[in-house]
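This is what each chain is made of:
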Amino acid sequence: MFINDTIAAISTPLGEGGIGIIRISGKDALGVASEIVRIKSLKSLCDTRSHTVYYGGAYDLPLDEKIDEVLIIFMQSPRSYTAEDVVEIHCHGGIIPIRRIYELTIRAGARPAEPGEFTKRAFLNGRIDLAQAEAVIDLIRAKTDAGSRAALNQLEGKLSSQIKSVRGDLLEMIAFAEAAIDFPEEEIEEMTAVQIAKRVKANMVVLKDLINTASSGKVLREGLHTVIIGKPNVGKSSLLNALLRENRAIVTDIPGTTRDIIEEYINVRGIPLKIVDTAGVRETEDIIEKIGVEKARELFKKADLVLMMLDMSRTLSSDDRKLLKELADKPCIILLNKADLPVLLDEQEIRDIMPEKLLLRISVTKNEGINLLEEQIVGMVFQGEVISNEGAIVTNVRHQHAIQLAYDSLQDALQTIEAVMPLDCIVVDLRASWEALGQIAGDTLGEDIIDQIFATFCIGK
Amino acid sequence: MYIRGSYDVVVIGAGHAGCEAALASARMGSRTLIITINLDSIALMPCNPAVGGPAKGHLVREIDALGGEMAINTDATRIQARMLNTGKGPAVHALRAQSDKKAYQNRMKKILENQENLDVVQAVVDKIVVENGVVHGVLTEMGALFEATTVVVATGTYLQGRIILGDLAYTGGPNGQRAATKLSDSLLKNGIELVRFKTGTPARIDSKSVDFSKMLIQPGDEEPVNFSFLSPEGKTPQLPCWLTYTNENTHAVIRSNLHRSPLYTGQIQGTGPRYCPSIEDKVVRFPDKLSHQLFIEPEGWDTTEMYVQGMSTSLPEDVQLAFLRTIAGLEQVKIMRPGYAIEYDCVIPTQLKLSLETKAVRGLFTAGQANGTSGYEEAAAQGLIAGINASLYTKGKNPLILSRSDAYIGVLIDDLIIKGTNEPYRMMTSRAEYRLLLRQDNADLRLTQKGYDVGLVSRERYEKFALKREMIEQELTRLKDLMIGPSKDILDRLSNMGTAELRSGASLAELLRRNDVTYSLLQRNFPDFPELPRDVVEQVEIDVKYEGYIKKQAQQVERFNKLEQKMIPLALDYAAIKGLSREAQQKLTKIKPASLGQAARISGVSPADISILMIYIEQARRQEGSI
């Protein structure tokens, strides 16, 4: 049933690009497209050659209305992403033409694709293996350059290679232990609990690093939900503008959500900040006075990061204090703006309220401290680690889960060692960790341990 | 050709697999015949005189728990017993016993001869008679036809057996026996594929020519433990083994004679086991190792023959003598029988069902070394299962299938059937994923009920087992329910025991969980402890001390069972499933796994393939539903 029908979807993120692509896949892909697209040089769309770009127009034919100029590409099965017949319609990037063309494909008989369904088909038709399939899904969703890099790395097996090295070390330890157990009368050097503990700890460090990058993986896909709050005239709009000046910004009207909410994507050093504000905030500014502390709390409850702005040339108000206390357990940066003016603010008082939060002196008008702020944001995302092309970033929930399981099992192994439990109990934990990681690399289990034993030890009667 | 008899179950071969198969089927009430190539070779131990060891000892206990004979036979003919791995945790404790080889054979022969429903015959089987894909009997070289509803092939290393010793090679079975030269053809004709494996054995030397003063004595345990849950406890007289080492001179002799080794001249074609390499193989593969250990083991009370464990070889006799005489204590050694290699045909086990019935011929079962395993214990385990299932087959009942979470036997058979093997397969504890559950001490608790349910376990054994099970449960409940608090009296007792004090209330079970507290320590310091048998105390102690780990494994089993219970339709056309790797497609088509869990264990079938299968099966299911 679902393998034979034709599906369609908008394949590019809404509002982000100069062009938009609608993709149709399935036996009737060309038929669906021919209900919408006309090409001057061809009588029928069925005459298109595979893998060739044609210029034409997209029409709402019953109304005889031209929607947009388009490029159309037909990719004949099996030489396409899904290994089915695929048609791509490239139009301009505005939301309206994309959505209309998409709706027309549905009217022409295509079914809206479920999330990841193209990849699922590619997967079902044998175009890609599981690890790739998941990375491709992430690739599609990645909204920023850094996100794409992380997804690409995963495709190229960077994550796999890091996982493999941890697994290799675990395997060696397991093989030592198993050889000692299975061949007790052979002259096999036994590893001491202390030696095992040391190596377990080293592997835990590697896994912990991967887990830390995992939380950034989510950020790369979905954007860092950021809220800027502060009193009127504290400099919020100036900060926004300063960030916008240096970075690409996209304003998107998200359909189906409250009309007066605007999402701003600001790409800060590869990290997408999704700045959410009520529509008026940029002009009238005073969120605290306008909507009150209660509402402000609601607003930043969902935030990944709060930028709290304070005016250094003014003293702390009771509202400020209330808000600061509300922010105590929230990731936030306190920005002390107007550092260039005479200082009235008692910095010590803020430090007393929130001793662990980062305080940054900036001057938006003089463009001082903005770079530092950007660095701090990136730092918070990667927990002090700088993202590089070589980094293995876990962008996939399933992988993240597996790594966490592996880490927890090693933690168990340490506890087992501390409780002076025997070797076979330690091995249970080591194997659990090894197997959890195996889910990522996609290795089948089986003979690995035994092969390792015979490769390492001279055993036999 | 004449009809010589008619049976429910005919077992070909009376080695360790054949004996268990025949006894199981006869004890379950099936009219059974066992055919051996030589009545004097029943239960022959053509290699080492030992039974058990890590994982193998587990198998022996499991065979016993199900009502098999190997454990009792070993206990009755034991000349030494040792519990190995005692410091490495309860799951890997491993009992190993040396047996008097002749006594072992004689006792087993007597058991067979006196077993109700069982006939014992010497003959060479040339042909398995099959009609329309169903087995009908076996035909001997004398032209005798034994009609049979089921046939169990347990031919060990006898199928096209070929002995190789230096440049000497001849057709034959182990220890100067005849080989079965025609049966392979008969199997092939019935669509059963064979593979050629090889194994070997060391020389036997005369104990009178050995200087034991230059070796380390390896005595048995002070308090030897039995394999069987039925054998009477108690000390028996024991003989020691002896430890010595090869040296650089030994290796030099071997190296300078490698050109005469059939392994390197190409005489030997079969695949040998990695865990049982010949001494020439060890010297070549691990050149940095300057010495290898050897155990000199007695073969029985009434013989001076001794087994040289670690020295398996197929080098010519003169070379064997030369290198043995470089070894401390063996300077004057006399060889009584030289070591040799043996090549033989065996069935590629992926052609079997989990019941050990062949997929090609109904009613035809295969077991033991003929299925590509090595070791007496692996053979006996399969023989037992094949015998049980042959008998169940004749009664039209469902086969007994042990899963990987039930028993080492389950692991063994699952590995063979699903993964196959490209060398003689040996059981190892590392092959068992759930070994904290599959301990040798609880084999009866895991399996005796099952053995009883199929009608193999005797009333006597079952009642003994049921009583033990009840005592364990009662004592566990008592220890968990009995709470103590930090009163003066209790604190005094604790300090007397040398363990930390209590701050709040705790159960006796929680106290027992401590590293420095044992059951007997509790028993000595707290009143009203029952007098319990040793094996009951052992279970209680393990259950309490390893509770966390046992629970962890039980959860793993639960997850494992989920995939195990996702059944794959037998008629599934794997060639029609797009996206499966070519290798997966071929292997799945060949093995036809019954569940996704089994499919996942097939080598070459990746998790991606399993996902595809999962999606495909789900898709097929949905399609069916929508019609």
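Notes on the structure in this doc start here. (Residues numbered from 1 in each chain as written. Chains lettered and ligands numbered in written order. Predicted model: local features only at pLDDT ≥ 70, side-chain atom pairs only at ≥ 80, totals over all residues. Heavy atoms only, no water.)

**Focus: the overall build of chain B**
Okay, step 1: When helices and strands are counted, chain B shows 21 helices and 22 strands.
Okay, step 2: For the C-alpha atoms alone, the extent of chain B along its principal axes is close to 85 × 80 × 50 Å.
Okay, step 3: A buried classification covers 59% of the 627 residues belonging to chain B.
Okay, step 4: Contacts spanning at least 24 positions in sequence make up 72% of the contacts within chain B whose residues lie at least 6 apart. (Helix = DSSP H or I, 4+ residues; strand = E, 2+ residues; numbered from the N terminus. Buried < 20%, exposed > 50% of the residue type's maximum accessible area, 1.4 Å probe, protein only. Contact = heavy atoms within 4.5 Å.)

**Details of the nonpolar core**
Okay, step 1: Ranked by size, the top nonpolar core spans 88 residues in total, and within it Val152, Ile388, Ile409, Leu588 and Leu613 of chain B carry the most contacts.
Okay, step 2: No other element matches helix H10 (residues 376–394) of chain B, which puts 10 residues into this core.
Okay, step 3: One finds Val166, Ala177, Val200 and Ala436 of chain A within the second-largest nonpolar core, a separate group that totals 32 residues. (Core = buried A, V, L, I, M, F, W, Y, C linked by side-chain atoms within 4.5 Å.)

**Focus: the pattern of salt bridges**
Okay, step 1: Under the definition given, this model contains 52 salt bridges over all chains.
Okay, step 2: Across the salt bridge formed by Asp429 of chain A and Lys552 of chain B, the nearest N and O atoms sit 2.7 Å from each other. Of this pair, Asp429 of chain A sits in helix H15 (residues 423–441) while Lys552 of chain B sits in helix H18 (residues 547–564), on two different chains.
Okay, step 3: What makes Asp429 of chain A buried here is its relative accessible area of 1%.
Okay, step 4: Lys552 of chain B sits in the partly exposed class, given a relative accessible area of 23%. (Salt bridge = Lys/Arg side-chain N within 4 Å of Asp/Glu carboxyl O.)

**A look at the sheet that holds strand E12 (residues 194–201) of chain B**
All names here are of chain B.
Okay, step 1: The strand order E11-E10-E19-E12 describes an open sheet built from four strands, whose pairing is antiparallel. The open sheet has two edge strands, strand E11 (168–171) and E12, and neither has a second partner. Ignoring strand direction, the axes of neighbouring strands in this sheet form an average angle of 20 degrees.
Okay, step 2: In the sheet, strand E10 (residues 162–165) pairs with strand E19 (residues 340–347) via three bridges, with the strands oriented antiparallel. Bridged to Ile163 within E19 is Ile342. (Pairing = 2+ DSSP bridges. Axes fitted to C-alpha atoms, helices over the stretch in contact; angles between N-to-C directions.)

**Quick look at the sheet that holds strand E3 (residues 50–52) of chain B**
Residues and elements named next belong to chain B.
Okay, step 1: If you walk across this open sheet you meet the three strands as E3-E5-E4, and the pairing is antiparallel. At either margin of the open sheet sits one strand with a lone partner, and together these are E3 and strand E4 (78–84). Neighbour-to-neighbour, the strand axes of the sheet open up by a mean angle of 20 degrees, direction not taken into account.
Okay, step 2: Both E3 and strand E5 (residues 94–99) contribute to a ladder of three bridges, which runs antiparallel. Paired with Val51 across the strands is Ala97, a residue of E5.

**With respect to the environment of Glu538 of chain B**
Okay, step 1: Mapping Glu538 of chain B onto the fold places it in helix H17 (residues 534–545).
Okay, step 2: Along the primary structure Glu538 of chain B and Tyr519 of chain B are separated by 19 residues, whereas in three dimensions their C-alpha atoms are 8.6 Å apart.

**Topic: the environment of Glu147 of chain B**
Residues and elements named next belong to chain B.
Okay, step 1: Along the chain, Glu147 turns up in strand E9 (residues 144–153).
Okay, step 2: Residue Glu147 is classed as partly exposed on the basis of its relative accessible area of 30%.
Okay, step 3: As for Glu147 and Gly137, which are separated by 10 residues in sequence, their C-alpha atoms are 4.1 Å apart.
Okay, step 4: Discounting chain neighbours no more than four positions away, the residues touching Glu147 are Ile3, Gly5, Ser6, Tyr7, Val10, His136 and Gly137.

**A look at the side chain of Asp126 of chain B**
Okay, step 1: Along the chain, Asp126 of chain B falls in strand E7 (residues 125–131).
Okay, step 2: Dropping the residues within four chain positions of it, Asp126 of chain B is found in contact with Leu139, Thr140, Glu141, Lys182, Leu183 and Ser186 of chain B.

**Notes on the packing of helix H1 (residues 16–27) of chain B against H10 of chain B**
Residues and elements named next belong to chain B.
Okay, step 1: Two elements in contact, H1 and H10, have axes whose closest approach is 7 Å; the angle formed by their N-to-C orientations is 30 degrees. One element, H1, and the other, H10, form an angle in the roughly parallel class. The handedness of the crossing between H1 and H10 comes out as right-handed. Across from His16, Ala17, Glu20, Ala21, Ala24 and Ser25 in H1, the residues of H10 making contact are Tyr376, Ala379, Ala380, Gly383, Leu384, Gly387, Ile388 and Ser391.
Okay, step 2: Split into classes, the residues belonging to the contact of H1 with H10 amount to eight nonpolar, five polar and one charged. (Parallel < 35°, antiparallel > 145°, perpendicular 65-115°, else oblique. Left-handed = near helix turned anticlockwise from the far one by under 90°. Nonpolar A, V, L, I, M, F, W, Y, C, P; charged D, E, K, R; others polar.)

**Side note on helix H6 (residues 248–256) of chain B**
Residue and element names in this part refer to chain B.
Okay, step 1: For H6, every residue scored as buried is listed here: Thr250, His251, Val253 and Ile254. Here the buried residues of H6 occupy an arc of 160 degrees about the axis, which is enough to place them on one side. Those residues of H6 that are exposed and angled more than 90 degrees off the buried face are Glu248 and Asn249.
Okay, step 2: Looking at the buried positions of H6, the neighbouring elements they touch are helix H8 (279–285) and helix H9 (317–324).
Okay, step 3: Its side-chain oxygen 2.9 Å from the backbone nitrogen of Asn249, Asn247 forms the N-cap of H6. (Arc of directions from axis to C-beta. Polar contact = N/O pair within 3.5 Å; in protein donor to acceptor, adjacent residues only side chain to side chain.)

**Concerning unusual backbone geometry**
Most peptide bonds adopt trans geometry, and most residues besides glycine take a negative phi value.
Okay, step 1: Of note, the amide linkage connecting Ser77 of chain A to Pro78 of chain A takes the cis form, showing an omega dihedral of 0 degrees.
Okay, step 2: Within the secondary structure layout, Pro78 of chain A lies in the loop between strand E5 (65–75) and strand E6 (86–92).
Okay, step 3: Positive phi is not limited to glycine here, since Val420 of chain A has a value of about 55 degrees.
Okay, step 4: Mapped onto the elements, Val420 of chain A comes out in the loop between helix H14 (397–418) and H15.
Okay, step 5: Taking relative accessible area as the criterion, Val420 of chain A reaches 60% and is therefore assigned exposed.
Okay, step 6: Unlike most non-glycine residues, Lys592 of chain B shows phi in positive territory, near 50 degrees.
Okay, step 7: Note that Lys592 of chain B resides in the loop between helix H19 (582–591) and helix H20 (596–601).

**A word on the pairing of E7 of chain B**
Residue and element names in this part refer to chain B.
Okay, step 1: With six bridges connecting them, E7 and strand E8 (residues 134–140) associate as antiparallel partners. Opposite Val125, over in E8, you have Thr140 as the bridge partner.
Okay, step 2: Linkage of E7 to E8, two consecutive antiparallel strands, is achieved through a turn of two residues, within which Asn132 is found at a positive phi near 50 degrees.

**Here's the deal with a nonpolar patch on the surface**
Okay, step 1: A cluster of nonpolar residues, Val53, Tyr55 and Leu71 of chain A, forms a patch on the protein surface that exposes about 290 Å² of accessible area.
Okay, step 2: Tracing the chain through its elements places Val53 of chain A in strand E4 (residues 53–60). (Patch = residues over 30% accessible without salt bridge, like charges linked within 9 Å, V, L, I, M, F, W, Y side chains within 5 Å. Areas by Shrake-Rupley, 256 points an atom, 1.4 Å probe, with all protein chains shown as cover.)

**Thoughts on the packing of helix H13 (residues 459–481) of chain B against H17 of chain B**
Residue and element names in this part refer to chain B.
Okay, step 1: One can describe the packing of H13 onto H17 by two numbers: an axis separation of 9 Å at closest approach and a directional angle of 45 degrees. By the angle class used here, H13 and H17 are oblique. The handedness of the crossing between H13 and H17 is right-handed. Touching Lys468, Met471, Ile472, Glu475, Leu476 and Leu479 of H13 are Asp535, Val536, Gln539, Val540, Asp543 and Val544, all from H17.
Okay, step 2: Its residues assigned to classes, the contact of H13 with H17 shows seven nonpolar, one polar and four charged.

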